[in-house]
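Descriptive analysis of the structure
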There are 2 protein chains.
Amino acid sequence: MSVNTEISESFRLIQDEICSALEQCDGGAVFVEDLWERPGGGGGRTRIFRNGSVIEKGGVNFSAVYGECSEALKQQMHTQAATFFATGVSIVLHPNNPHVPIIHMNIRHFALSDGTSWYGGGIDLTPHYVDVNQAIWFHNQLKQVCDQHNTSYYPRFRDWADDYFYIPHREETRGVGGIFFDDLGRHEGNAADYEKFVLDVGRAFAPIYTHLMNENRHKSFSDDQKQWQLLRRGRYVEFNLVHDRGTRFGLLSNGRTESILMSLPATAAWEYDNAPNAGSAEDETLRLLRKGVHRAQ
Amino acid sequence: MSVNTEISESFRLIQDEICSALEQCDGGAVFVEDLWERPGGGGGRTRIFRNGSVIEKGGVNFSAVYGECSEALKQQMHTQAATFFATGVSIVLHPNNPHVPIIHMNIRHFALSDGTSWYGGGIDLTPHYVDVNQAIWFHNQLKQVCDQHNTSYYPRFRDWADDYFYIPHREETRGVGGIFFDDLGRHEGNAADYEKFVLDVGRAFAPIYTHLMNENRHKSFSDDQKQWQLLRRGRYVEFNLVHDRGTRFGLLSNGRTESILMSLPATAAWEYDNAPNAGSAEDETLRLLRKGVHRAQ
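In what follows, the accompanying structure is described. (Residues numbered from 1 in each chain as written. Chains lettered and ligands numbered in written order. Predicted model: local features only at pLDDT ≥ 70, side-chain atom pairs only at ≥ 80, totals over all residues. Heavy atoms only, no water.)

1. What about the relation of the copies chain A and chain B?
Superposing chain A onto chain B requires a rotation of 180° together with a translation of 0.0 Å along the rotation axis, leaving an RMSD of 0.0 Å. Here the transformation between the copies is reduced to the relation of a two-fold axis. When the interface residues of chain A are mapped onto chain B, 100% of them are again interface residues, pointing to one common binding face. (Least-squares fit on C-alpha atoms with pLDDT ≥ 70 in both. Contact = heavy atoms within 4.5 Å.)

2. A closer look at the interface of chain A and chain B
With 30 residues of chain A at the contact, the number on the chain B side is 31 residues. Counting the surface lost from both chain A and chain B, the interface buries some 2,800 Å², and carbon and sulfur atoms represent 57% of this. Among the residues chain A hides against chain B, the three largest losses belong to E258, W270 and Y272 of chain A. Together they make up 30% of the total. Applying the counting criterion to the chain A and chain B interface returns two salt bridges. A salt bridge links R170 of chain A to E258 of chain B, with the shortest nitrogen-to-oxygen separation between them at 3.0 Å. Linking chain A with chain B are 15 residue pairs in polar contact (both at pLDDT 80 or more), by the criterion used here. Elements supplying a minimum of two residues to the side of chain A that touches chain B: strand 2 (42-50), helix 6 (223-243), helix 7 (245-252), helix 8 (257-260) and strand 10 (267-269) of chain A. No other element matches the five residues that helix 6 of chain A contributes to the side of chain A that touches chain B. When grouped by side-chain class, the residues that make up the side of chain A that touches chain B number 14 nonpolar, six polar and 10 charged. (Buried area = accessible area lost by both parts, 1.4 Å probe. Salt bridge = Lys/Arg side-chain N within 4 Å of Asp/Glu carboxyl O. Polar contact = N/O pair within 3.5 Å; in protein donor to acceptor, adjacent residues only side chain to side chain. Helix = DSSP H or I, 4+ residues; strand = E, 2+ residues; numbered from the N terminus. Nonpolar A, V, L, I, M, F, W, Y, C, P; charged D, E, K, R; others polar.)

3. Focus on the packing of aromatic side chains
Taken as a whole and assessed by the stated rule, the structure comprises 36 aromatic pairs over all chains. Seen in terms of ring centroids, F165 of chain A and F239 of chain A are 6.0 Å apart; in terms of plane orientation they differ by 45°. Their pairing is tilted. Here F165 of chain A, found in the loop between helix 4 (153-164) and strand 7 (166-167), pairs with F239 of chain A, found in helix 6; they are 74 residues apart in sequence, far enough to count as distant. The pair formed by F165 of chain A and F239 of chain A is uniform in burial state, with each residue classed as buried. Ring geometry for Y129 of chain B versus W228 of chain B: centroids 6.5 Å apart, planes at 45°, classification tilted. Taken together, the positions of Y129 of chain B in the loop between strand 6 (117-126) and helix 3 (132-147) and W228 of chain B in helix 6 (residues 223-243) put the pair 99 residues apart, joining distant regions of the chain. Here the two residues Y129 of chain B and W228 of chain B agree in accessibility, since each one is buried. Linked through ring pairs, Y153, F157, W160, Y164, F165, F180, F181, Y194, F197 and F239 of chain A together constitute an aromatic cluster. (Phe/Tyr/Trp six-rings, centres within 6.5 Å; stacked < 30°, edge-to-face > 60°. Buried < 20%, exposed > 50% of the residue type's maximum accessible area, 1.4 Å probe, protein only.)

4. Some details on the sheet that holds strand 6 of chain B
Residues and elements named next belong to chain B. Pairing in this open sheet of seven strands is antiparallel, and the strands run 1-2-3-4-5-6-9 from one edge to the other. This sheet does not close on itself; its edge strands, each paired only once, are strand 1 (32-37) and strand 9 (178-184). Between one strand axis and the next, the sheet turns by 10° as a mean value, whatever way the strands run. When strand 1 meets strand 2 (residues 42-50), the two strands line up antiparallel, connected through six bridges. (Pairing = 2+ DSSP bridges. Axes fitted to C-alpha atoms, helices over the stretch in contact; angles between N-to-C directions.)

5. Remarks on the environment of Y272 of chain A
Tracing the backbone shows Y272 of chain A in the loop between strand 10 and helix 9 (281-288). When neighbours within four sequence positions are excluded, Y272 of chain A is seen to be in contact with D34, T46, I48, R50, K57, R256, E258 and S259 of chain B. In this structure the side chain of Y272 of chain A is engaged in a polar contact, spanning 2.7 Å, whose partner is the side chain of D34 of chain B. Here R256 of chain B takes part through its side chain, which lies 3.1 Å from a polar atom of the side chain of Y272 of chain A.

6. Section: unusual backbone geometry
All names here are of chain A. One non-glycine residue, E171, lies in positive phi territory at about 50°. Within the secondary structure, E171 is located in the loop between strand 7 and strand 8 (172-173). By relative accessible area, which is 55% here, E171 ends up exposed. Even without being glycine, D273 reaches a positive phi, approximately 55°.

Laid out in structure tokens, this is it:
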């Protein structure tokens, strides 16, 4: 195993690019930075956004950590390797306005002392109100990034996202999907090709999300629409705490809790058996939170 | 295996008693009842409180279900039995006023077709602001209930609660503890004795909690104290969704989601790296959320 400083440096630059683009687009807040060290090796640069003009709460986190593989890690990674290196950028942004969607992005690289290494990540969009045209636009952007590398990627990684970002106990998708991938280059393929692809996914994030911020930030909303947003955030909390493998692995293996839980919203709400009126925009959104509804065209 | 209608009828009566006592004490709201049937056998009576004078959101649920043991159930229960019967009462109440504590109570009976059966349950208290005298009073009430049956129960079940209601990723207890027990009568002891004990735990709930409601309901609070309450509710959500075995088992095994998640608050909040001022009441509460701090005297 070698600590790959080249890829972690590329990831760190992507964090910088994204933070600059989001600050400029938001216009009302700057990131607060928190540098931290991991006792077993490495550390991170957590950047937290709060009370912006558009983004109420969110994080754009970079980390590069290494050390001995714990038993939990060996089990999670299906390996007996002694040591690991992991680096990545993780983003979740919760906007103020219910018409601006929540977004999540992650790119990561993992290497083991047995010589294997791989890439993973994804981008997915969680609108509080599904706008079908925007969902299709979002998927088309992702398809373009994928197609520049391999036309098999988009359909494969879109379906993977549909399966991953799913809340079984609600029988709902988390949002309108996106792309998700893992283990790229672990068992097959050329690592350098996958590296380029993953870096392009990272670079695609800022233009995609700032476009969606600007499209929706000036739309007016009612108190009822704000309450609906809080209920949808409740679902986001449920997915992340009950199902998300990265979140659960981090929390259960002594990861840095505050960096992991930057994904949670400033506020969320729950109501017993909430059911929107038939034909309402909320009802329509629930109808659209199904696997395979949203696809690039 | 036999479907024990006597114990489930006792549990149903306890649900009635508790609901009446809470409605009378609260004075501002009545329970909304939802009767439901389980496709595989049995059903429940979910009762939801909302927008009361004291209780903002909560549930007092009764269920009695039976059927074939799923693979997940066999694994969870360490059994190869073909069929099961389970009945119980589950309560979580989230008050409006941050000076009124959150409370949880559960009593349950489980029987398998291999002839084994047992009791489980507990009561634990989660103040947003720890009042040491009230915590000790609460523990003394539980000790009295326990001591009427066996003086070994309170210390054993108090320590069990300290271990169970713990949030490792926060290094905090969920609240000031209480009692927790499981598998009573499964491997040893007299089932009839345990049944009497569990019913007494159920009957102790209403006098204990209505006392705490009345002690604290008229205390005034600031916006900052309300925000602190929402952050503490966030921790409650984290415990229930990440760690609570009953919640996770229910959600992952196709249980009735709305009844299980009645435990979540109307609203909750998260702030990155929130740290109260040294010496503040919030800081003092965090200092007291440690195992073994609260004990009957």
